[in-house]
Amino acid sequence: MQKYTCPMHPQVLKDEPGKCPLCGMALVPIGNPSASHEHGTAHGHGEHTNHDHSKESFNKHAGHHTGDFLKRFWTSLVITVPILLLSHMIQQWLGFSIAFTGDKYVLLTLGTAIYIYGGLPFLKGMAGEIKAKAIGMMTLVAIAISVAYIYSVAVVFGLQGMDFFWELATLIDIMLLGHWLEMRSQMAASRALQSLVALLPNDVTVERNGEAVRIKLEDLQSGETAIIKPGEKIPADGLVVEGGSYINESMLTGESVPVKKEKDSKVIAGSINGDGALKVKVTAVGKDSYLNRVINLVQDAQATKSNTQNLADKVAKWLTFIAIAVGIGTFIYWFVSSGDTAFALERMVTVMVTACPHALGVAIPLVVAISTTLSATNGLLIRNRNAFETTRNISTVIFDKTGTLTKGSHTVEKIIPLTDEYNANELIQYAAAVQQNSEHHIAKGIMATLKEKSLALWKSENFSYMQGIGVKGIVNGKGVIAAGKNYFSENHLSLPEIPKEINQEAETVNFVLIGDKVVGIITLADSIREGSGEAVDALKKMNIKSFLLTGDNEKIAAAVAEKLGMDGFLANVLPHNKQEKVKELQAKGETVAMTGDGVNDAPALAQADVGIAVGSGTDVAAETADIILVDSDPRDVVKLIGFAKSTYKKMVQNLIWAVGYNVVAIPLAAGILYPKFILSPAMGAVLMSVSTIVVAINASFLKIKK
């Protein structure tokens, strides 16, 4: 059956033509030159990847399909059978004889066929590597099979010796099978992305002219109202306008517990509706959706080479040169010492085949692909691979307080007028008027109280947000300021006396100023988020220090830090000063991770060794963060560090195996144990393929600890 894919998103696979649900582009048949190759995603060929042909980016499988290798393998295997039957060495081993006039020319014809058809991917790969000045494993294989073929042809036409046609055939068979298994393993990571795309439904029900109409997903427009029945998939990001239900977001966030959704709740494309009916106003479709952003982040991260991967590439490059040098040296040694050209050639071919650094080529990229996809499907979005590698070495974690360690859902505790000019309700109205354009937690708490009290929301003009201080504007012709203590220190003003009835250890104090005069105080309380204590305790067990960083006063900061058992706190810190605090810790030799909301904490996130955006929800555009945690659970920071350690461990294990295998195999292939032990070219190819499969299997065992 013909499959269709998107040129920009090759993980999208459909059985019929149409549009890509992620970007709206027309789907093209797989095999169309304009389409991205099936194998592209496994190598991180994402939407924003730069496809240059430098040494660093050359892909030995460029233009190859997984199925093409398998097809060539089966065809070559069929051709191999008569080659084996006509080979004199095989006949001698098995004690039978098949001979007829011209049999050597039949053998030549079959050998040529398998060399051209089965060996073509390797010959093309060699040409690509030479053109890109990136001599590698495809060059090794191509040289090995070419030497075997040319020598065998020479034997057919009179050169003294025994042909290599059966070794050539079995070598090509094993190499094709090995490459198919390798590409199939690498495609496993891509399938996880395909499963994300598969979360989107093909059709969706929308309200049009008062009627429910069933349309194709690609025809869904932002602003339309979608009707989601129980058990259906959410077709696009949006806001619930009617109904209530529990939504399963586990494939997107890793959180297995269904999340309650009601009016004004955000929903994410790809999540699954529970037993309630919902009407959702669509806010983002196609390329603007959260799901598409996640997929692009994963592809970009997979395309970025980490320090360990760069190391593996260098080792593979030198191993290739060593293999060629050892291969030539082996030929010279055996030719001079024995005078047997066939034996010397056999040893050279065996060295080159056995030494192919396929295992090294797969060792790191496969771990990268699997780890990036695994993390994405568990709510950990990696934007910077090098920062992710650094995560395993973190010695200090700085937590932003509001919304990270605390729920950030400030609720108004006290409204205290300080003059007779304004009562409590008027204070809330003035404060709400200037706070209505702010997304801050304090603003949301004040707006919620205004709604609870059923008070009118006054208009405000000349709104201005004072970062880390408060907000101001004109209300009813009066200059109104709603701000915290930092307002007074920044303007060198004396701090008003705070009534004793206010518990400064638990309440955030917000002053209301009208006409530059303090007329009242509104206090708000925040509660510690469930899981914060577990996160801090887990970090302690890992010998990682934790610090609280907040713009709140020292009493509130001290209370939260003490309750959680943190190593310290940094209070009254304005956003532009947070970066300096990170620098101070780094100057002491600490490897620092900064967690924040990805916007207000941007300078600190950029300065930290690892910037972690926490609590981003569906906003995955925290440009300054290295890693984005979809949920607001601080325990995900611990999960992230643990996963970084596990990923690095897998990389090291694969590197040790890949390099160690060659240290043992190359001398054996060169004939160091001859005549006690001799490694044939075919057996060398088997060992090489097995080493590749071992690292692939080892990488597949990578898991995230829940």
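Residues numbered from 1 in each chain as written. Predicted model: local features only at pLDDT ≥ 70, side-chain atom pairs only at ≥ 80, totals over all residues. Heavy atoms only, no water.

The name given to the protein chain in an unreviewed UniProt entry is Heavy metal translocating P-type ATPase, with the source organism recorded as Chitinophaga defluvii.

A. Region of the structure containing the overall build of the protein chain. A tally of helices and strands in the protein chain yields 21 helices and 25 strands. A total of 706 residues make up the protein chain; the buried ones form 52% of that total. Residue pairs at least 24 apart in sequence account for 67% of intrachain contacts in the protein chain once pairs closer than 6 positions are excluded. In the form shown here, the protein chain has an accessible surface area of approximately 30,500 Å², with 56% of it arising from carbon and sulfur atoms. (Helix = DSSP H or I, 4+ residues; strand = E, 2+ residues; numbered from the N terminus. Buried < 20%, exposed > 50% of the residue type's maximum accessible area, 1.4 Å probe, protein only. Contact = heavy atoms within 4.5 Å. Areas by Shrake-Rupley, 256 points an atom, 1.4 Å probe, with all protein chains shown as cover.)

B. Inspection of the environment of Y430 at higher detail. Locating Y430 in the fold gives a position in helix α13 (residues 424-435). According to the relative accessible area criterion, Y430 is buried, its value standing at 5%. For the pair Y430 and V512, spaced 82 residues apart in the sequence, the C-alpha separation amounts to 8.1 Å. Sequence-distant contacts of Y430, that is, excluding residues within four places in its chain, are made with Y422, W458, V475, N476, K478, V480 and I514.

C. Highlighting the sheet that holds strand β25 (residues 627-629). Strand order in the open sheet made by the 7 strands is β13-β25-β24-β23-β14-β21-β22, with mixed pairing throughout. Two strands lie at the open edges of the sheet, namely β13 (380-382) and β22 (568-570), each paired on one side alone. The sheet shows a mean angle of 20° between the axes of neighbouring strands, direction not considered. Inspection of the sheet shows β13 paired to β25 by 3 bridges, in the antiparallel sense. Pairing of I382 across the sheet is with I627, part of β25. Relative to the sheet, helix α20 (residues 635-670) contacts β13, β14 (396-400), β23 (592-596), β24 (610-614) and β25, its axis offset from that of β25 by approximately 135°. (Pairing = 2+ DSSP bridges. Axes fitted to C-alpha atoms, helices over the stretch in contact; angles between N-to-C directions.)

D. Spotlight on the confidence of the model for the protein chain. Of the residues in the protein chain, 79% have a pLDDT of 70 or more, and the chain-wide mean is 80. Here residues 31-60 scores under 50 on pLDDT; set against residues more than four positions off or in separate chains, the count is 74 contacts. pLDDT under 50 marks residues 616-621. Its contacts with residues more than four places away, or in other chains, come to 17 contacts. (pLDDT = per-residue confidence, 0-100.)

E. Representation of the packing of aromatic side chains. Throughout the structure, instances matching the rule amount to 14 aromatic pairs. Between the aromatic rings of Y115 and Y149, the centroid separation amounts to 4.4 Å while the plane-to-plane angle is 5°, which identifies the pairing as stacked. Of this pair, Y115 sits in helix α3 (residues 103-131) while Y149 is found in helix α4 (residues 137-156), placing the two residues 34 residues apart along the sequence. A single burial state applies to Y115 and to Y149, both of which are buried. Both rings, one in F488 and one in F511, keep their centres 5.0 Å apart while their planes meet at 80°; by these two values the pair is edge-to-face. (Phe/Tyr/Trp six-rings, centres within 6.5 Å; stacked < 30°, edge-to-face > 60°.)

F. How the structure looks around the environment of F73. Of note, F73 is situated in helix α1 (residues 66-86). A relative accessible area of 10% places F73 in the buried class. Here the alpha-carbon distance between F73 and I114, two residues 41 residues apart in the chain, equals 9.9 Å.

G. Structural context of a nonpolar patch on the surface. The grouping of W657, M683, V686, L687, V690 and V694 at the surface amounts to a nonpolar patch, some 440 Å² of accessible area in total. Here the nonpolar patch takes 5 residues from helix α21 (residues 681-700), the largest share from any one element. Tracing the backbone through its elements, the reader meets V694 in helix α21. (Patch = residues over 30% accessible without salt bridge, like charges linked within 9 Å, V, L, I, M, F, W, Y side chains within 5 Å. Salt bridge = Lys/Arg side-chain N within 4 Å of Asp/Glu carboxyl O.)

H. The arrangement of the sheet that holds strand β18 (residues 478-483) in detail. With respect to topology, 6 strands assemble into an open sheet ordered β15-β20-β19-β18-β17-β16, the strand pairing being antiparallel. The open sheet has two edge strands with one neighbour each: β15 (411-417) and β16 (461-466). Adjacent strand axes in the sheet meet at a mean angle of 20° when their direction is disregarded. Here β15 runs beside strand β20 (residues 517-525); their pairing, made up of 6 bridges, is antiparallel. Bridge pairing in β20 links K414 to T523. Strands in contact with α13 are β15, β16, β17 (470-475), β18, β19 (507-514) and β20; relative to β17, the strand with the most contacts, it is inclined by about 105°. In the packing of helix α14 (residues 441-452) onto the sheet, the strands contacted are β15, β19 and β20, and the crossing angle to β20 comes to about 95°.

I. Quick look at the packing of α13 against α14. It is the contact of α13 with α14, at a shortest axis distance of 9 Å, that shows an interaxial angle of 130°. By the criterion of interaxial angle, the relationship of α13 to α14 is oblique. Where α13 crosses over α14, the handedness of that crossing is left-handed. Within the contact between the two elements, α13 uses I428, Q429, A431, A432 and Q435 and α14 uses I442, A443, I446, M447, T449 and L450. Residue composition of the contact of α13 with α14, grouped by class: 8 nonpolar, 3 polar and no charged. (Parallel < 35°, antiparallel > 145°, perpendicular 65-115°, else oblique. Left-handed = near helix turned anticlockwise from the far one by under 90°. Nonpolar A, V, L, I, M, F, W, Y, C, P; charged D, E, K, R; others polar.)

J. Structural detail: the UniProt feature "transmembrane region" (unreviewed entry) in the protein chain. Those places that UniProt annotates as "transmembrane region" (unreviewed entry) correspond, in this numbering, to residues 73-93, 105-123, 135-158, 164-181, 315-336, 348-376, 655-674 and 680-702. Annotated as 100% helix and 0% strand, the span residues 105-123 places its first and last C-alpha atoms 24 Å apart. Taken end to end, residues 655-674 has its terminal C-alpha atoms 29 Å apart, with 80% of it in helix and 0% in strand. (UniProt positions renumbered as here; feature names shortened; annotations may be inferred.)

K. Fine view of the side chain of K578. With respect to the element layout, K578 can be found in helix α18 (residues 575-587). Ignoring sequence-local partners within four residues, the contact set of K578 consists of D400, L549, V573, D601 and A604.

L. View of α20. Its 36 residues give α20 an end-to-end C-alpha distance of 53 Å, which sits within 8% of 52 Å, the value for a rise of 1.5 Å per residue. In the stretch just after α20, G671 is the one whose phi turns positive, near 95°. (Expected span 1.5 Å × (residues − 1).)

M. The arrangement of the nonpolar core in detail. Core analysis: the biggest nonpolar cluster contains 52 residues, and I83, F165 and L168 have the highest contact counts within it. Of all the secondary structure elements, the ones that give two or more residues to this core are α1, α3, α4, α5 (165-197), α8 (307-338), α9 (341-354) and α20. Examining the composition of this core, we find that 12 residues originate from one element, α4, more than from any other. Ignoring anything within four residues of it in the chain, the contact list for I83 reads L107, L110, G111, I114, F165, W166 and A169. Of all hydrophobic cores here, the second largest spans 42 residues; its members include L380, V637, A644 and M651. (Core = buried A, V, L, I, M, F, W, Y, C linked by side-chain atoms within 4.5 Å.)

N. Looking closely at the pattern of salt bridges. A complete count under the given rule lists 15 salt bridges for this structure. E207 serves as the salt-bridge partner of K279, at 2.5 Å between the closest nitrogen and oxygen. Of this pair, K279 sits in strand β12 (residues 278-284) while E207 sits in strand β4 (residues 203-208), and the two are 72 residues apart along the sequence. Under the relative-accessibility criterion, K279 is labelled partly exposed at 23%. E207 gets classed as partly exposed once you look at its relative accessible area, which sits at 33%.

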